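# Survey of secondary and tertiary structure
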Amino acid sequence: MRVRVGHEFRIKVEQPTPLICLVAPEAARHDDFTASEQVTTDPHVDVHEYRDLFGNICRRMVAPAGEFVLRGDVTLNDDEMWDDVDFAAQETRVEDLPDDALIYLMASRYVESDVLSQQAWDLFGHLQPGWGRVQAVLDHGHKVLTFDYGTASVFRTAHDASKGGMAVCRDFAHLALAYLRALNIPARYVNGYVGDIGVPKVDAPMDFAAWIEVYLSGRWWTFDPRNNERRLGRVVVARGRDAADVAMLASFGPHQLLDFTVWCHPVDETGQELDGMAFGQEPRR
């Protein structure tokens, strides 16, 4: 299967404004590109790439005063496999965790695992450790939160989400991360593309998606707090402690978002969009 992913941001700034954008597919997928990613700006400016402390690809540029457009587009070969699952996967004792997993046990800007620690143990401490307990955390999120695309807020944290109500994918992710870290299970935030592939098409604007990765049985596993089901055709963009680490567009000065478009869909060899339901026809667990 081939999957075409991309984005277009159109903003307006009153003066030249430095930007940092995390929008490129992760380096691990670059061998899957059918051709180089097409990255353009209008007006044209120099774009410099570097890696942050999590290994994410960051793009630096300075938007000139006025309207500014950043666009990226690429097609990838995908193995057409659903997210891996292993119901027997086990939690790892903190003293046996690899060093680089320990940071994902700590509280962070949007993930107050310290504040929610007692609540996490009250809710999930009696459950058998392992995959099933992680799944119980996600199921709880769907009991207290209702998805509403129009309710996004840069101020809502995991503690806020724990009180229930309307939420977007990042809130589902932050709440799950807080409970898991409080239970001493390393968990990290992921931002990327997830299209309606192998599932019914949703009548809603396409957007970047947030999900999580959880460390069990010596590796990282994909879990999707928002959809709470396995998916296929995911394309990771960035990983971090929470949404603050992987902001798609950070501006060092005020900007006005005029338009925002994201795409992620299967295509044929000519680039023609295909029906996502034609792929991945297997029972989802």
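None of the values given here were measured: they were computed from a predicted structure.

### Focus on the overall build of the protein chain
Of the regular secondary structure elements, the protein chain holds four helices and 14 strands. Computed over the C-alpha atoms, the radius of gyration of the protein chain is 19 Å, within 12% of the 19 Å expected from 2.2 N^0.38 for a compact globule of 285 residues. For the protein chain, the spread of C-alpha atoms along the principal axes amounts to about 55 × 45 × 35 Å. Within the span of the protein chain, comprising 285 residues, buried residues form 48% of the whole. Contacts in the protein chain between residues far apart in sequence, at least 24 positions, make up 76% of those at least 6 positions apart. Carbon and sulfur atoms make up 49% of the accessible area of the protein chain, which amounts to about 13600 Å² in all. The positive charge centre, built from 28 side chains, and the negative charge centre, built from 44, are 2 Å apart in the protein chain.

### With respect to the side chain of Glu26
On the secondary structure map, Glu26 appears in the loop between strand 2 (17-21) and strand 3 (38-42). In this structure the side chain of Glu26 is engaged in a polar contact, spanning 2.9 Å, whose partner is the side chain of Arg239. The contacts of Glu26, once residues within four sequence positions are left out, are Ile57, Val236, Val237 and Arg239.

### Details of the sheet that holds strand 5 (residues 57-63)
Strand order in this open sheet of four strands is 4-5-2-13, and the pairing throughout is antiparallel. At either margin of the open sheet sits one strand with a lone partner, and together these are strand 4 (48-51) and strand 13 (249-251). Across this sheet, the average inter-strand angle for adjacent strands is 25°, counted without regard to direction. Both strand 2 and strand 13 contribute to a ladder of three bridges, which runs antiparallel. Across the sheet, the residue bridging to Ile20 is Ala250, located in strand 13.

### Describing helix 2 (residues 131-144)
With 14 residues, helix 2 extends 21 Å between its outermost C-alpha atoms, agreeing within 8% with the 20 Å of an ideal straight helix rising 1.5 Å per residue. Those residues of helix 2 that fall on the buried side of the exposure criterion are Trp131, Arg133, Val134, Val137, Leu138, His140 and Gly141. The elements touched by buried residues of helix 2 are helix 1 (117-124), strand 7 (145-147), helix 4 (169-182), strand 10 (209-216) and strand 11 (219-223).

### Here we look at helix 4
Taking 1.5 Å of rise per residue, the 14 residues of helix 4 would be expected to cover 20 Å, and the 20 Å separating its terminal C-alpha atoms lies within 8% of that figure. Once helix 4 finishes, Asn184 follows within two positions and takes phi at roughly 70°, a positive value.

### Let's talk about the pattern of salt bridges
Oppositely charged side chains can form a pair if their charged atoms are brought close together. In the structure shown here, the tally under the stated rule is 20 salt bridges. Among the salt bridges present, the one from Arg231 reaches Glu229, with a minimum N-O distance of 3.9 Å. By relative accessible area, which is 5% here, Arg231 ends up buried. In this structure Glu229 comes out as partly exposed when scored by relative accessible area, which is 26%. Here the salt bridges do not stand alone but share partners, grouping Glu26, Arg188, Glu213 and Arg239 into one network.

The rules we used
Residues numbered from 1 in each chain as written. Predicted model: local features only at pLDDT ≥ 70, side-chain atom pairs only at ≥ 80, totals over all residues. Heavy atoms only, no water. Helix = DSSP H or I, 4+ residues; strand = E, 2+ residues; numbered from the N terminus. Rg over C-alpha atoms; globule rule 2.2 N^0.38 Å. Buried < 20%, exposed > 50% of the residue type's maximum accessible area, 1.4 Å probe, protein only. Contact = heavy atoms within 4.5 Å. Areas by Shrake-Rupley, 256 points an atom, 1.4 Å probe, with all protein chains shown as cover. Lys, Arg positive; Asp, Glu negative; His and termini not counted. Charge placed at Lys NZ, Arg CZ, Asp CG, Glu CD. Polar contact = N/O pair within 3.5 Å; in protein donor to acceptor, adjacent residues only side chain to side chain. Pairing = 2+ DSSP bridges. Axes fitted to C-alpha atoms, helices over the stretch in contact; angles between N-to-C directions. Expected span 1.5 Å × (residues − 1). Salt bridge = Lys/Arg side-chain N within 4 Å of Asp/Glu carboxyl O.

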